[in-house]
Amino acid sequence: MSSLSVSASGAAADAIAAHVPELVADQVASKLFAQDATLWGPEAESESRIRLSWVGLPRSSRPLVGEIEALRDDFASRGLTHVVLCGMGGSSLAPEVICATAGKDLVVLDSSDPDYVRRALGDDLEHTVVVVSSKSGSTVETDSQRRAYEGAFTDAGIDPATRIVIVTDPGSPLDQESRAKGYRVVNADPDVGGRYSALTAFGLVPSGLAGVDVGALLDEAESVADLLAEDDEANPALRLGAAMGGTAPLRDKLVLVDEGSGIVGFADWAEQLIAESTGKDGTGVLPVVVEGDDAPEVRSPAADVLVARLVPVDDDTVASGDDVRVSGALGAQLLLWEAATAVAGRLLGINPFDQPDVESAKKAARALLDQGTAASEDPAATDGAVEIRAMGGDWLGSASTVAEAVDALLGQLDAEHGYVAVMAYLDRLGDADLAEVRARIAERTGRPTTFGWGPRFLHSTGQFHKGGPGVGVYVQITTAPGQDLSIPGREFTFGDFIASQAGGDAQVLADHDRPVLRLHLTDHDAGLAQVTAALSQGGRA
């Protein structure tokens, strides 16, 4: 049996007291688990009707367990134990958390960065199994990664059909193409969106092939399913959902801090679930993943911040401040946060199942690719190994150095409601140290700060950046690849593609009148050192 606990204090407790009785009276929990598509209003009904099967996954996904075990045994008998997942958003973040928590190795290829892709391709290809996860197959990132692996296997004299497993919706173009090629295909429930898909084939196949006991994960979720479906004021999903979406005034920065939960990387998964589900129509909740209790947002939370602490199952510490404390086993928490996010969406008055601004960024990126170039206008200034560009308004002024440009951008920051987003279209393994600037910027500005690796974050906070409140300022960091990488069957390279993704993202932000500082590294190492120094400098602005 699993257990869940959601305790709250301050503004979070007030929100629970204000909203949970009404949620119980409206039978929101039981209607949610009965897949009632009317819970989010008439405009959301058509989308909701085909997105609610996730509530029953702890039971409906059971037939996958045996299928996955048979696949794993087959691959293991051939010495194929190095598992790579090609996927984006919820399709990659859930397996990453599941495997890391279980201590199982899984390589997650969720980048278009040539160096990142090349590293994955060169890592133990002889013993590699690749899972390609995409609902339709139309996601260009995943299609490009699949093509790269097909080419690498073929060049090594290996039949790709013996090494690639496809996870996709039944009848999708990818389903049909893959079956025609003789690939192994596992179909996922088509009535589940990507960010709610942790307990579908998208979450379970790569995790199970990597050695995770996915049956036990489903057990954890099933043990709390009835609890989460109860119209009761003690329902953890109603409590957490009310805390997330019901504070007054809305504390729309949800700082996620892990305090020894034992669930590795859970905040990163919750970040994409919450941001992509709620950040639209000018409202939403921005998850801010921080490093620990020493993070500025936790030590001195601003008035628009709610702190969510992920704590061990046996933790009995009473919540204090404006906090919510959440504990439970991984499978139970996956279902809890999905249900709570749906509840928060109802309180916010939005459709928690669409992602209109993710689609707009994809279209902008494709338009740049179709032009045959991702080049933008000449830089406003060049400082050493960094080209400086400003978009989303006439705010750069006379700034001509990276430090001056950063100062100018932060000068646009709303001191009461704003946030800073650092968006790095770089190699998230090779350039991992850059993430340390997140806390330094938060300390410097006194405002919540997010850090995202592109293009990974486009399927997460990227939706909130464009669809949420217009209070963010954005630093985008790009680089010219030292060595580009071709994509078999495509006229563009991985370098072209990631440049178009960055350009499309910046353009859509600018179209929404969001200030964007684009810093392009003409020499990777020297430029990165400059940018890191500029973002790290200074005290409270």
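Summarised in this report is the structure supplied together with it. (Residues numbered from 1 in each chain as written. Predicted model: local features only at pLDDT ≥ 70, side-chain atom pairs only at ≥ 80, totals over all residues. Heavy atoms only, no water.)

1. A look at the overall build of the protein
Line of reasoning, step 1. Secondary structure assignment for the protein yields 21 helices and 16 strands.
Line of reasoning, step 2. What you see for the protein is a C-alpha radius of gyration of 22 Å, in line with the 24 Å of a compact globule of 541 residues.
Line of reasoning, step 3. Taken across its 541 residues, the protein has 59% of its residues classed as buried.
Line of reasoning, step 4. Here the protein displays about 19,000 Å² of accessible surface, and carbon together with sulfur accounts for 47% of that area.
Line of reasoning, step 5. Taking the average location of the 41 positive side-chain charges in the protein and that of its 82 negative ones, the two points are 2 Å from each other. (Helix = DSSP H or I, 4+ residues; strand = E, 2+ residues; numbered from the N terminus. Rg over C-alpha atoms; globule rule 2.2 N^0.38 Å. Buried < 20%, exposed > 50% of the residue type's maximum accessible area, 1.4 Å probe, protein only. Areas by Shrake-Rupley, 256 points an atom, 1.4 Å probe, with all protein chains shown as cover. Lys, Arg positive; Asp, Glu negative; His and termini not counted. Charge placed at Lys NZ, Arg CZ, Asp CG, Glu CD.)

2. Here's the deal with the sheet that holds strand S15 (residues 472-479)
Line of reasoning, step 1. The mixed open sheet is built from 6 strands, whose spatial order is S11-S12-S16-S15-S13-S14. Each edge of the open sheet is held by one strand with a lone partner, namely strand S11 (381-383) and strand S14 (449-453). Taken pair by pair, the neighbouring strands of this sheet meet at an average axis angle of 20°, ignoring direction.
Line of reasoning, step 2. Packed on one face of the sheet, helix H18 (residues 437-445) meets strand S13 (419-424) and S14 and runs near 155° to S14.
Line of reasoning, step 3. Those strands touched by helix H21 (residues 524-536) are S11, strand S12 (386-391), S15 and strand S16 (516-521), and its axis lies near 145° from that of S16. (Pairing = 2+ DSSP bridges. Axes fitted to C-alpha atoms, helices over the stretch in contact; angles between N-to-C directions. Contact = heavy atoms within 4.5 Å.)

3. Examining the nonpolar core
Line of reasoning, step 1. Of all hydrophobic cores here, the largest spans 92 residues; its most connected members are Leu32, Trp54, Phe266, Trp269 and Trp337.
Line of reasoning, step 2. Residue contributions to this core peak at 12 residues, all from helix H15 (residues 330-348).
Line of reasoning, step 3. When we break this core down by domain, the ones giving at least three residues each are domain 1 (5-27 + 231-348) and domain 2 (55-217).
Line of reasoning, step 4. When near neighbours in sequence (up to four residues on either side) are disregarded, Trp269 contacts Leu93, Ala94, Val97, Arg195, Ala198, Leu334, Trp337 and Glu338.
Line of reasoning, step 5. Leu396, Ala408, Leu409 and Leu517 belong to the second largest nonpolar core, which has 32 residues in total. (Core = buried A, V, L, I, M, F, W, Y, C linked by side-chain atoms within 4.5 Å. Domains from an automatic or database assignment.)

4. Here we look at empty space enclosed by the protein
Line of reasoning, step 1. Enumeration according to the criterion identifies 2 cavities of 30 Å³ or more in this entry.
Line of reasoning, step 2. Reported here for the largest cavity is a volume of approximately 40 Å³.
Line of reasoning, step 3. Considering the residues around the largest cavity, the lining is formed by Asp113, Pro114, Asp115, Thr479, Pro481, Gly495 and Ile498.
Line of reasoning, step 4. When contributions to the lining of the largest cavity are tallied by element, the ones reaching two or more residues are helix H7 (114-121) and helix H20 (494-511).
Line of reasoning, step 5. Broken down by class, the residue content of the lining of the largest cavity amounts to 3 nonpolar, 2 polar and 2 charged.
Line of reasoning, step 6. One number sums up the size of the second largest cavity: a volume of about 30 Å³.
Line of reasoning, step 7. Taken together, Asp110, Ser111, Tyr116, Leu426, Arg428, Trp453, Gly454 and Arg456 make up the full set of residues lining the second largest cavity.
Line of reasoning, step 8. A per-class count over the lining of the second largest cavity returns 3 nonpolar, 2 polar and 3 charged. (1 Å grid on protein atoms, 1.4 Å probe; cavity = no way out; pocket = protein on both sides within 12 Å on 5 of 7 lines; lining within 4 Å. Points joined across faces, edges and corners; volume = space filled by probe spheres on them. Nonpolar A, V, L, I, M, F, W, Y, C, P; charged D, E, K, R; others polar.)

5. Focus: the pattern of salt bridges
Line of reasoning, step 1. Counted according to the given criterion, the structure contains 42 salt bridges.
Line of reasoning, step 2. Across the salt bridge formed by Asp74 and Arg78, the nearest N and O atoms sit 3.5 Å from each other.
Line of reasoning, step 3. For Glu291, the salt bridge identified is with Arg438, shortest N-O distance 2.8 Å. Pair noted here: Glu291 is in the loop between strand S8 (286-289) and helix H14 (296-299) and Arg438 is in helix H18, with a separation of 147 residues, a long-range link.
Line of reasoning, step 4. When its relative accessible area of 2% is taken as the criterion, Arg438 is described as buried.
Line of reasoning, step 5. Put simply, Asp143, Arg146, Arg147, Glu150, Glu177, Lys181 and Arg490 are held in one network by salt bridges that share partners. (Salt bridge = Lys/Arg side-chain N within 4 Å of Asp/Glu carboxyl O.)

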